[in-house]
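# Observations on the model geometry
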Amino acid sequence: MSTTCAMPNNIVRTREQVFQINLSKTHHESVIALAGNPNTGKSTIFNALTGLNQHTGNWPGKTVKRMEGKFRFHDRHYRLIDLPGTYSLLSTSTDEEIARNFVLFGKPDVTVVVVDSTCLERNLNLVLQIAQITNNVILCCNLIDEAKRKSISVDQKSLEQDLGIPVVLTSARSGDGLDELKQKIEALAMGQIRPQPFAVSYPHALKEPVETMTSSLRELFPTLPNPAWVAMRLLDGDEKIKEALASPELLPSLLNNDSNLTSENRIVPSNPSVNKIFNMADQLSQSVRPVMHDLFVESLFEDAQRITRRAVVKKNGVRIWDNSLDRFLTSRVFGIPAMLILLSVVFFLTIEGANIPSQILADWLFQIEDLLDQAFNYLNAPWWLTGFIVHGVYRGLAWVISVMLPPMAIFFPIFTFLEDFGYLPRVAFNLDRLFKWSGAHGKQALAMGMGFGCNAAGVIATRIIDSPRERLIAIITNNFVPCNGRWPTLIMLASLFVAAAFPSALSSVAAASTIVFITLFGVLITLLVSKFLSTRTSLRGESSFFQIELPPYRRPQFFRIFYTSLIDRTLLVLWRAIVMAAPAGGLCWLLANIYIGQYSLFAHAANFLQPLGQAIGLDGVILLAYIIAIPANEIIVPTIIMGYMAAGQMTELDSDFELKQLFVQNGWSVMTAVSLMLFSLLHYPCSTTTMTIWKETRSVKWTVVSNLLPLSIAFAVCFIVAQTWPLLF
Amino acid sequence: MALIKLSELSYGQTAALKEIKINGIQRRRLLDFGFIKDSEIRVAQRSPLGDPTAYWIKGALIALRKEETDHIFVEIIKHDKVNL
């Protein structure tokens, strides 16, 4: 939307429209924003207040997750909005822009800033910034139990006095202090307390320009609630604030405090007056701009330090156990082996643990298929309808759910456990050097870790990477870590073909090593492709800085693990897969049951693909299965079996022995298995992942690249294997 | 006392931050983490592959690459005896 043309008054949207908050129509809800540094237990506070009354979405127009929830206290209703965790509101990252715009323009009735009591000084930096934007702030000193363990005591009264805002000490994990937090939220929302936040001291060199700007802003916009802060941001040349001020929907929301104003009597500032202010800021700031950001942050920290010194008493010499854990988990000798062992344990638990539930789920779902079949027959449905719906669409779905759900329901909670424990940032720390070499970011390792569960989830997980260039690299290469949908195929091939080539005493070791080798090969390809992308393509660029915080190790929480892993990850991904798998099942059935001449469409297509398949060590049936299974890798093997048996529907065999026999009869050798494993590792992302890539990048070009690049690599690698294998063996 | 690069700080030494010769968004991020003049800083842990390094600053553990710490200058204020 252009910001230069004059907007008619009726364009002005309310806060609820701009930030897409659906407040209740039947009763009044106060809007509470939850702000804070990352790793302060902010989400624990959020969960403790809202329980299961929450839902996840995105911020309007951004791929940044937003959590929103409701709670009631003393018969009043509250809407809690969780802002992205940020260290500051000054660096203008997307997260910070969202948090700041919401506090500034969304004008929540109360903003609760959650801070880590063990690290109060740095956290106060953010508190002081927020308290400049709004008066309605509550400081929530969380993790007070952890502070106690570390012999740190926090003086609530002293903080309240110095900061001029209500302060609550909480330990969200045990629920301590939450009632007091709710009481203070209530008192503030009802206007019973009116905080007068401590006014930060502006550095000497900035005093005059800030004062001049502030008085002009007051003159132009008498209702602007925080002119000094806006003056400061304009002097700092903050483009995002300029944009927001020139925006026809945000500025009016800032100026019109009374939400009952009708659109006719809202103040809509004219553009010339806004431009006048911008010019003034540019002139005043010429002398100070290069140093002003430093000066400002330094003075914030000076204030923070002074306030902390009065409020916090810390006993020295306390041994902190996570230091010793870090000595081990990130040590030169044990760091990487410990990581690989941990990864293997996670895989082992996932694969072994999923076997039985998968089988039970499959039995159950296929029994329903029989019932459906009978029901369709009873209703005299034509055979093709029964076939298409029951043996095509339903069977495809049943297959995907039974193969996909159990491993994900095990993998994601374990992964979330490690995330919650604080181990994942250490993985990025351990491996960053490799990613730096390839021009990418260490955090890519975390997205890859998630990719082992599901590549679509892995693609979403790349959101933690700030640089758009590095994030795209992480998105494009996530495909090279095998997901849960591909593990069963890889394991089956490794044990039926590769392990069988070894003496039986060594066979299980051989199978396991094959899997490890394939996985490491995927990591190698990831690094090489990242290097290629960052040196030879339009994603060229130096790797940016690393700069991550390694939070203290913390006991993970059951609720968060349960909620995040099952609702946010497993069910989300499962739903997307179901939507995709249904048509694939139907298509598969149609291909196998429509005949032209003597052969089915499936057979014709497989014949057509045969030469291409053979050139890369596979065959036509396998390639066709890969095309049909674009929506879900889970149905690859059943589709291949269907093709070989010329059956009318996806099929499974009762024993591994029969399976191997069928494959051998159709010309498979160890080379076929190796080529297929490599093809499975490399080929292209499933359609769920492709759709996620598009949603995250909003770019057709990069979505196409994410498919074609892996496909060419898969063909090249398999071609080389197929052509050199006969020379070697 | 002479300034050294943060990347040259050894385990067991405590230093005061003096100058950051990095500009733009990276400088702002460092400031947000509390990398301001006279902040105390200590080496906590080096990555198994030698880089990045985690530092204690303002009560938190922040990891930085050598590319960054080569441009941050500090003054050693204390040598601890370290028994490893």
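Note that the coordinates shown come from a computational prediction; the quantities given were computed from them, not determined experimentally.

## So, the overall build of chain A
When helices and strands are tallied, chain A shows 30 helices and twelve strands. Expected size for 729 residues packed as a compact globule is a radius of gyration near 27 Å; at 30 Å, chain A falls within 12% of this value. Over its C-alpha atoms, taken along the principal directions, chain A stretches across nearly 85 × 65 × 55 Å. Split into buried and exposed, the 729 residues of chain A put 58% on the buried side. Partitioning the contacts of chain A with sequence separation of at least 6, the portion at a separation of at least 24 is 75%. Counting 59 positive and 57 negative side-chain charges, chain A places the averaged centre of each group 4 Å from the other.

## As for the pairing of strand β3 (residues 40-46) of chain B
Residues and elements named next belong to chain B. As paired elements, strand β2 (residues 13-20) and β3 share three bridges and run antiparallel to each other. Bridge pairing in β3 places Ala16 opposite Glu40. Following β3, the chain reverses through six residues before pairing antiparallel with strand β4 (residues 53-57); Gly50 in that reversal takes a positive phi of roughly 95°.

## So, the interface of chain B and chain A
Contacts between chain B and chain A engage 36 residues on the former and 47 residues on the latter. Of the roughly 3,600 Å² buried between chain B and chain A on both sides combined, carbon and sulfur atoms contribute 54%. Three residues stand out in chain B for area buried against chain A, namely Asp32, Pro48 and Arg65 of chain B, and they jointly supply 21% of the buried area on that side. In this assembly, chain B and chain A are joined by seven salt bridges. Arg29 of chain B is the salt-bridge partner of Asp466 of chain A, the closest N and O atoms lying 3.8 Å from each other. Where chain B packs against chain A, one counts 22 residue pairs in polar contact (both at pLDDT 80 or more). If you list the elements that add at least two residues to the side of chain B that touches chain A, you get α1 (25-32), β3, β4, β5 (60-64) and α2 (66-69) of chain B. The element best represented in the side of chain B that touches chain A is α1 of chain B, accounting for eight residues.

## Notes on the packing of aromatic side chains
Residues and elements named next belong to chain A. This model, assessed by the stated rule, comprises 23 aromatic pairs over all chains. Between Tyr626 and Phe679, the aromatic rings sit 5.0 Å apart at their centres with planes inclined by 80°, giving edge-to-face as the arrangement. Remark: Phe679 occurs in helix α28 (residues 670-682) and Tyr626 occurs in helix α25 (residues 620-628); sequence separation between them is 53 residues. By the burial criterion, Tyr626 is buried, and Phe679 matches it. Aromatic side chains Phe679 and Phe715 sit 6.0 Å apart centroid to centroid with 90° between the ring planes, which places their arrangement in the edge-to-face category. Of this pair, Phe679 sits in helix α28 while Phe715 sits in helix α30 (residues 700-728); the two residues are 36 residues apart in sequence, bridging distant segments of the chain. The exposure class assigned to Phe715 is partly exposed, which follows from its relative accessible area of 23%. Every member of this aromatic cluster is reached through a ring pair, and the members are Phe497, Tyr644, Phe663 and Trp668. Its end group placed over the ring of Trp437, Lys531 keeps NZ or CZ at 4.7 Å from the ring centre. In this arrangement the basic side chain of Lys660 is found over the ring face of Phe497, its NZ or CZ atom lying 5.2 Å from the centre.

## Details of the pattern of salt bridges
Throughout the structure, instances matching the rule amount to 31 salt bridges over all chains. Lys58 of chain B serves as the salt-bridge partner of Glu121 of chain A, at 2.6 Å between the closest nitrogen and oxygen. Here Glu121 of chain A, found in helix α4 (residues 120-133), pairs with Lys58 of chain B, found in the loop between β4 and β5, and the two come from separate chains. By relative accessible area, which is 17% here, Lys58 of chain B ends up buried. What you see here is one network of salt bridges that share partners, running through Arg100, Arg233, Asp236 and Asp238 of chain A together with Arg28 of chain B.

## Considering the side chain of Ser331 of chain A
Of note, Ser331 of chain A is situated in the loop between α14 (321-329) and α15 (335-378). According to the relative accessible area criterion, Ser331 of chain A is buried, its value standing at 10%. Dropping the residues within four chain positions of it, Ser331 of chain A is found in contact with Asp326 of chain A together with Gln45 and Pro48 of chain B.

## Concerning the domain arrangement of chain A
Here chain A is described as being made up of domain 1 (27-189), domain 2 (204-287) and domain 3 (337-539 + 560-728). A separation of 54 Å is found between the C-alpha centroids of domain 2 of chain A and domain 3 of chain A.

## Here we look at the sheet that holds strand β6 (residues 72-79) of chain B
An order of β10(A)-β5(B)-β4(B)-β3(B)-β2(B)-β6(B)-β1(B) is seen for the seven strands of this open sheet, with the pairing classed as antiparallel. What marks the edges here is a single partner per strand, and that holds for β10 (548-549) of chain A together with β1 (4-5) of chain B. Pairing geometry for β3 of chain B and β4 of chain B, over five bridges, is antiparallel. When the bridges of β4 of chain B are listed, Gln45 of chain B appears paired with Ala54 of chain B.

## So, the side chain of Arg469 of chain A
Residue and element names in this part refer to chain A. With respect to the helices and strands, Arg469 occurs in helix α20 (residues 468-477). A polar contact is formed between the side chain of Arg469 and the backbone oxygen of Leu539, at a distance of 2.9 Å. Excluding residues within four positions of it along the chain, Arg469 makes contact with Gly439, Ser534, Leu539, Arg540, Gly541, Glu542 and Ser543.

## A few points about the packing of helix α16 (residues 383-421) of chain A against helix α23 (residues 558-593) of chain A
All names here are of chain A. Where α16 contacts α23, the axes come no closer than 7 Å and their chain directions differ by 155°. Between α16 and α23, the crossing angle belongs to the class labelled roughly antiparallel. Here the hand of the crossing between α16 and α23 comes out right-handed. The residue inventory of the contact of α16 with α23, partitioned by class, reads 25 nonpolar, ten polar and four charged.

## Regarding a nonpolar patch on the surface
Residue and element names in this part refer to chain A. On the surface, Ile341, Val345, Phe348 and Leu349 cluster together into a nonpolar patch covering about 390 Å² of accessible area. With respect to the secondary-structure elements, Phe348 resides in helix α15. Relative accessible area serves as the criterion here: at 53%, Phe348 is assigned to the exposed category.

## Regarding unusual backbone geometry
Residue and element names in this part refer to chain B. Along the chain, Asp51 connects to Pro52 via a cis peptide bond; the corresponding omega equals 0°. In this structure, Pro52 sits in the loop between β3 and β4. Although it is not a glycine, Asp38 adopts a positive phi angle of roughly 75°. As for its position among the elements, Asp38 is in the loop between α1 and β3.

## Brief notes about the environment of Ala99 of chain A
All names here are of chain A. Tracing the backbone through its elements, the reader meets Ala99 in helix α3 (residues 94-105). Residue classification places Ala99 among the buried residues on the basis of a relative accessible area of 4%. With residues up to four places along the chain from it excluded, the contact list for Ala99 reads Leu83, Pro84, Thr86 and Leu89.

## Quick notes on the sheet that holds strand β3 (residues 65-73) of chain A
Residue and element names in this part refer to chain A. The sheet built from seven strands is open, its strands ordered β2-β3-β4-β1-β5-β6-β8 with mixed pairing. Of all the strands in the sheet, just β2 (54-58) and β8 (167-169) have a single pairing partner and so form its edges. Taking the axes of each pair of neighbouring strands and ignoring which way they run, one obtains an average angle of 25° across the sheet. Summarising the sheet, β3 and strand β4 (residues 76-82) pair through seven bridges and their orientation is antiparallel. Directly across from Glu68, in β4, lies its bridge partner Ile81. Across the sheet, α23 lies against β2 and β3, angled at about 50° from β2, the strand it touches most.

Conventions adopted
- Residues numbered from 1 in each chain as written.
- Chains lettered and ligands numbered in written order.
- Predicted model: local features only at pLDDT ≥ 70, side-chain atom pairs only at ≥ 80, totals over all residues.
- Heavy atoms only, no water.
- Helix = DSSP H or I, 4+ residues; strand = E, 2+ residues; numbered from the N terminus.
- Rg over C-alpha atoms; globule rule 2.2 N^0.38 Å.
- Buried < 20%, exposed > 50% of the residue type's maximum accessible area, 1.4 Å probe, protein only.
- Contact = heavy atoms within 4.5 Å.
- Lys, Arg positive; Asp, Glu negative; His and termini not counted.
- Charge placed at Lys NZ, Arg CZ, Asp CG, Glu CD.
- Pairing = 2+ DSSP bridges.
- Buried area = accessible area lost by both parts, 1.4 Å probe.
- Salt bridge = Lys/Arg side-chain N within 4 Å of Asp/Glu carboxyl O.
- Polar contact = N/O pair within 3.5 Å; in protein donor to acceptor, adjacent residues only side chain to side chain.
- Phe/Tyr/Trp six-rings, centres within 6.5 Å; stacked < 30°, edge-to-face > 60°.
- Lys NZ or Arg CZ within 6 Å of the ring centre and 35° of its normal.
- Domains from an automatic or database assignment.
- Axes fitted to C-alpha atoms, helices over the stretch in contact; angles between N-to-C directions.
- Parallel < 35°, antiparallel > 145°, perpendicular 65-115°, else oblique.
- Left-handed = near helix turned anticlockwise from the far one by under 90°.
- Nonpolar A, V, L, I, M, F, W, Y, C, P; charged D, E, K, R; others polar.
- Patch = residues over 30% accessible without salt bridge, like charges linked within 9 Å, V, L, I, M, F, W, Y side chains within 5 Å.
- Areas by Shrake-Rupley, 256 points an atom, 1.4 Å probe, with all protein chains shown as cover.

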